[in-house]
Amino acid sequence: MAALGWLTPRRRSATARSVLAGEASAEAARTSSQEAEAPPSPDKEEAEFPVRGDDRAAAFFDLDNTVMQGAALFHFGRGLYKRKFFDTRDLIKFAWQQAWFRLAGVEDPDHMQDARDSALSIVQGHRVSELKAIGEEIYDEYMAERIWPGTRALAQAHLDAGQKVWLVTAAPVEIAQVIARRLGLTGALGTVAESIDGVYTGRLVGEPLHGPAKAEAVRALAAAEGLDLSRCAAYSDSHNDIPMLSLVGHPYAVNPDAKLRRHARQMDWRLRDYRTGRKAAKVGIPAAAGVGAVAGGTAAAIALHRRRR
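The following refers to the structure shown. Computed from a predicted structure; not experimentally measured.

Some remarks on the overall build of the protein chain
Thinking step 1. A tally of regular secondary structure across the protein chain gives 12 helices and eight strands.
Thinking step 2. Counting over 309 residues, the protein chain shows a buried share of 53%.
Thinking step 3. Across the protein chain, contacts joining residues at least 24 apart in sequence account for 68% of those joining residues at least 6 apart.
Thinking step 4. Of the roughly 14,000 Å² that the protein chain leaves accessible, carbon and sulfur atoms contribute 50%.

Thoughts on the sheet that holds strand β8 (residues 270-272)
Thinking step 1. Strand order in the open sheet made by the six strands is β3-β2-β1-β6-β7-β8, with parallel pairing throughout. Of all strands in the sheet, those with a lone pairing partner are β3 (187-191) and β8, marking the two edges. Each adjacent strand pair in this sheet contributes to an overall mean axis angle of 20 degrees, direction not counted.
Thinking step 2. Bridge count between strand β2 (residues 164-172) and β3: four bridges; the pairing is parallel.

What to know about the nonpolar core
Soluble globular proteins tend to pack their nonpolar side chains together in the buried interior.
Thinking step 1. Ranked by size, the top nonpolar core spans 43 residues in total, and within it Phe61, Leu80, Met143, Leu167, Ile179 and Tyr235 carry the most contacts.
Thinking step 2. The residues touching Met143, leaving out its near neighbours within four places in the chain, are Met68, Ala72, His75, Phe76, Ile138, Ile175 and Ile179.
Thinking step 3. Grouped together as the second largest cluster of nonpolar side chains are 25 residues, Val168, Ala222, Ile242 and Trp269 included.

Re the pattern of salt bridges
Thinking step 1. On inspection of all chains with the given rule, the structure shows 15 salt bridges.
Thinking step 2. Residues Lys214 and Asp62 are paired through a salt bridge, measuring 2.7 Å at the closest nitrogen-oxygen approach. Taken together, the residues span a long stretch of sequence, with Lys214 in helix α8 (residues 212-225) and Asp62 in strand β1 (residues 58-62) at a distance of 152 residues.
Thinking step 3. Residue Asp62 is classed as buried on the basis of its relative accessible area of 2%.
Thinking step 4. The partner of Glu194 in a salt bridge is Arg203, with the nearest N and O atoms 2.6 Å apart.
Thinking step 5. Note on Glu194: relative accessible area 25%, which makes it partly exposed.
Thinking step 6. What emerges from the salt-bridge pattern is a single network uniting Lys82, Arg83, Glu137 and Glu141.

So, the packing of helix α2 (residues 72-82) against helix α5 (residues 128-143)
Thinking step 1. Here α2 crosses α5 at 105 degrees, and the two axes come no closer than 9 Å. When the axes of α2 and α5 are compared, the pair comes out roughly perpendicular. On the side of α2, the interface is formed by Ala72, His75, Phe76, Arg78, Gly79, Leu80 and Lys82, while α5 contributes Leu131, Ile134, Ile138, Glu141, Tyr142 and Met143.
Thinking step 2. Residues that form the contact of α2 with α5 fall into these classes: eight nonpolar, two polar and three charged.

Thoughts on the packing of aromatic side chains
Thinking step 1. The tally for this structure, following the rule as stated, stands at two aromatic pairs.
Thinking step 2. Between the aromatic rings of Phe61 and Tyr235, the centroid separation amounts to 4.1 Å while the plane-to-plane angle is 5 degrees, which identifies the pairing as stacked. Of this pair, Phe61 sits in strand β1 while Tyr235 is found in strand β6 (residues 233-236), placing the two residues 174 residues apart along the sequence.
Thinking step 3. In this structure Phe61 comes out as buried when scored by relative accessible area, which is 0%.
Thinking step 4. Residue classification places Tyr235 among the buried positions, given a relative accessible area of 1%.
Thinking step 5. The interplanar angle of 20 degrees and the centroid separation of 4.6 Å between the aromatic rings of Tyr235 and Tyr252 together place this pair among those described as stacked. Note that Tyr235 is positioned in strand β6 and Tyr252 in strand β7 (residues 250-254), a separation of 17 residues in sequence. Across the pair, Tyr252 and Tyr235 agree in class, each one buried.

A short note on the side chain of Asp54
Thinking step 1. Among the secondary structure elements, Asp54 is positioned in the loop between α1 (16-32) and β1.
Thinking step 2. We classify Asp54 as buried; its relative accessible area is 15%.
Thinking step 3. Excluding anything up to four places from it in sequence, Asp54 contacts Gln163 and Arg231.

A short note on α8
Because an α-helix packs 3.6 residues into every turn, residues spaced three or four apart end up facing the same way.
Thinking step 1. Helix length check: α8 (14 residues) gives 20 Å between terminal C-alpha atoms against 20 Å at 1.5 Å per residue, within 8%.
Thinking step 2. Among the 14 residues in α8, 10 count as buried, and that is most of the element.
Thinking step 3. Among the residues making up α8, those that are buried are Ala213, Lys214, Ala215, Glu216, Ala217, Val218, Arg219, Ala220, Leu221 and Ala222.
Thinking step 4. Once α8 ends, the next one or two residues include Gly226, with phi positive near 70 degrees.

Thoughts on helix α6 (residues 149-160)
Thinking step 1. The terminal C-alpha atoms of α6, which comprises 12 residues, lie 16 Å apart, in line with the 16 Å expected from a rise of 1.5 Å per residue.
Thinking step 2. Most of α6 sits inside the fold, with nine of its 12 residues counted as buried.
Thinking step 3. Burial in α6 covers these residues: Gly150, Thr151, Arg152, Ala153, Leu154, Ala155, Gln156, Ala157 and His158.
Thinking step 4. Buried-residue contacts for α6 involve β1, β2, β6, β7 and β8.
Thinking step 5. Gly162 sits one or two positions beyond α6 and adopts a positive phi of about 85 degrees.

About the cut-offs
- Residues numbered from 1 in each chain as written.
- Predicted model: local features only at pLDDT ≥ 70, side-chain atom pairs only at ≥ 80, totals over all residues.
- Heavy atoms only, no water.
- Helix = DSSP H or I, 4+ residues; strand = E, 2+ residues; numbered from the N terminus.
- Buried < 20%, exposed > 50% of the residue type's maximum accessible area, 1.4 Å probe, protein only.
- Contact = heavy atoms within 4.5 Å.
- Areas by Shrake-Rupley, 256 points an atom, 1.4 Å probe, with all protein chains shown as cover.
- Pairing = 2+ DSSP bridges.
- Axes fitted to C-alpha atoms, helices over the stretch in contact; angles between N-to-C directions.
- Core = buried A, V, L, I, M, F, W, Y, C linked by side-chain atoms within 4.5 Å.
- Salt bridge = Lys/Arg side-chain N within 4 Å of Asp/Glu carboxyl O.
- Parallel < 35°, antiparallel > 145°, perpendicular 65-115°, else oblique.
- Nonpolar A, V, L, I, M, F, W, Y, C, P; charged D, E, K, R; others polar.
- Phe/Tyr/Trp six-rings, centres within 6.5 Å; stacked < 30°, edge-to-face > 60°.
- Expected span 1.5 Å × (residues − 1).

See below:
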């Protein structure tokens, strides 16, 4: 992919692959944003921000543990297992990664990379259209009930003010676009998997949209959309997203991990916490014990881990 010419100047702290991933994600987001269908508006909560009618402002929301409880990629893996895309051994691996994610309450780059590698190998050779259709079903099965109402209300406040709202996530862009459309958002920036003639090759364009790559995607999209980042807002739970949060004039730490909470306090950023109990949120396995095979897989993985110690 040729470098896009509308990027603003930057201090190049990101790698070339981060820039490529950001540009590819921004291009995919702009291409698909016109397909969004707005559902009925949820109940709103009072907000001090945003400024109504500021069309040079927009909002960027991280997905995992910010908009939705848990990691979208793991829920996607559950749905693919149900549809026989992979076997029980792979399910246990996905389930253990999700359990670790919920227990630790933070993103670990090695765990996330491992999960993305697994997902890429699973979808290789499948058609993009097939995965999009499955993504719609998986959203209804596993994701819809996990949306944080408080964060959803923040996003709606930006929409009601006439601003565009984008998800920014390391999850596959096709899944991110499904979630954005279901929530009535403008679109999504996500990890772009390479496809040829509509079939996945098993490779990425650039690298996963994580850390600095997210900031590059937001920068690229803002330039293309004519946005003033100093008037934009960004929301995330993870210290990995400090590069993205630092780009905008209105950064919010939502359900923050410990590192982000400390950084937000030092920088006087606004904080929002929608977890019913912070301790429970950090150590709790999903409350619904009857989540079928994944719950069993999680238990099995934990048991295996204990036996190996």
